[in-house]
Amino acid sequence: MEEKRVCQTCGHFRQHYVKWWDDSYHMCGSGHCVYPRRKPRYNEAKACQHYIKKETAG
């Protein structure tokens, strides 16, 4: 199975969350990239040339 090369699967991507009234957190449809500089990104946006596969625990 081929991995989707989108911002959400990149190791430089940091997910944004929203805190709801019941003190639970839910993922937004966006986040930001930290390499080579901080910039806003959407989860499903096509990854840039700096893409690296996000390491998963386990």
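Preceding this section is the structure that the text describes.
Basis of the calculations
Residues numbered from 1 in each chain as written. Predicted model: local features only at pLDDT ≥ 70, side-chain atom pairs only at ≥ 80, totals over all residues. Heavy atoms only, no water. Helix = DSSP H or I, 4+ residues; strand = E, 2+ residues; numbered from the N terminus. Buried < 20%, exposed > 50% of the residue type's maximum accessible area, 1.4 Å probe, protein only. Contact = heavy atoms within 4.5 Å. Areas by Shrake-Rupley, 256 points an atom, 1.4 Å probe, with all protein chains shown as cover. Lys, Arg positive; Asp, Glu negative; His and termini not counted. Charge placed at Lys NZ, Arg CZ, Asp CG, Glu CD. Pairing = 2+ DSSP bridges. Axes fitted to C-alpha atoms, helices over the stretch in contact; angles between N-to-C directions. Salt bridge = Lys/Arg side-chain N within 4 Å of Asp/Glu carboxyl O. Polar contact = N/O pair within 3.5 Å; in protein donor to acceptor, adjacent residues only side chain to side chain. Core = buried A, V, L, I, M, F, W, Y, C linked by side-chain atoms within 4.5 Å.

Further remarks concern the overall build of the chain. The helix and strand tally for the chain stands at 0 helices and 3 strands. Shown N-terminal to C-terminal, the secondary structure of the chain runs as helices and strands in the order β-β-β. For the chain, the spread of C-alpha atoms along the principal axes amounts to about 40 × 30 × 20 Å. Across the 58 residues of the chain, 22% fall into the buried class. Residue pairs at least 24 apart in sequence account for 43% of intrachain contacts in the chain once pairs closer than 6 positions are excluded. Surface summary for the chain: the accessible area is close to 4,900 Å², and the carbon and sulfur share equals 55%. Taking the average place of the 11 positive charges on the side chains of the chain and the average place of its 6 negative ones, the gap between the two points comes to 10 Å.

The 3 strands lie next to each other as E1-E2-E3, forming an open sheet whose pairing is antiparallel. Two strands close off the open sheet at either side, each with one partner strand: strand E1 (13–19) and strand E3 (39–42). Each strand of the sheet is rotated relative to its neighbour by a mean of 45 degrees, with strand direction disregarded. Relative to E3, strand E2 (residues 25–33) is paired through 4 bridges, and the arrangement is antiparallel. By the bridge assignment, His 32 is partnered in E3 with Pro 40.

For the structure shown, the criterion picks out 2 salt bridges. Salt-bridge contacts for Lys 19 lead to Asp 23; the nearest nitrogen and oxygen are separated by 3.5 Å.

Structurally, the position occupied by His 12 is in the segment before E1. Taking relative accessible area as the criterion, His 12 reaches 15% and is therefore assigned buried. Looking at His 12, its side chain comes within polar contact range of the main-chain oxygen of His 50, at 3.3 Å.

A few words on the environment of Tyr 25. Turning to its location among the elements, Tyr 25 is positioned in strand E2. Excluding residues within four positions of it along the chain, Tyr 25 makes contact with Tyr 17, Val 18 and Lys 19.

What follows concerns the nonpolar core. Nonpolar side chains in soluble globular proteins tend to be buried together. Core analysis: the biggest nonpolar cluster contains 5 residues, these being Cys 7, Cys 10, Phe 13, Ala 47 and Tyr 51. If sequence neighbours within four positions are ignored, Cys 10 has contacts with Tyr 51, Ile 52 and Lys 54.

Moving on, we get to the pairing of E1. In the sheet, E1 pairs with E2 via 6 bridges, with the strands oriented antiparallel. Opposite Lys 19, over in E2, you have Tyr 25 as the bridge partner. Where E1 hands over to E2, the hairpin turn is made up of 5 residues, of which Asp 23 adopts a positive phi near 65 degrees.

Read these as geometric descriptors, not functional statements.
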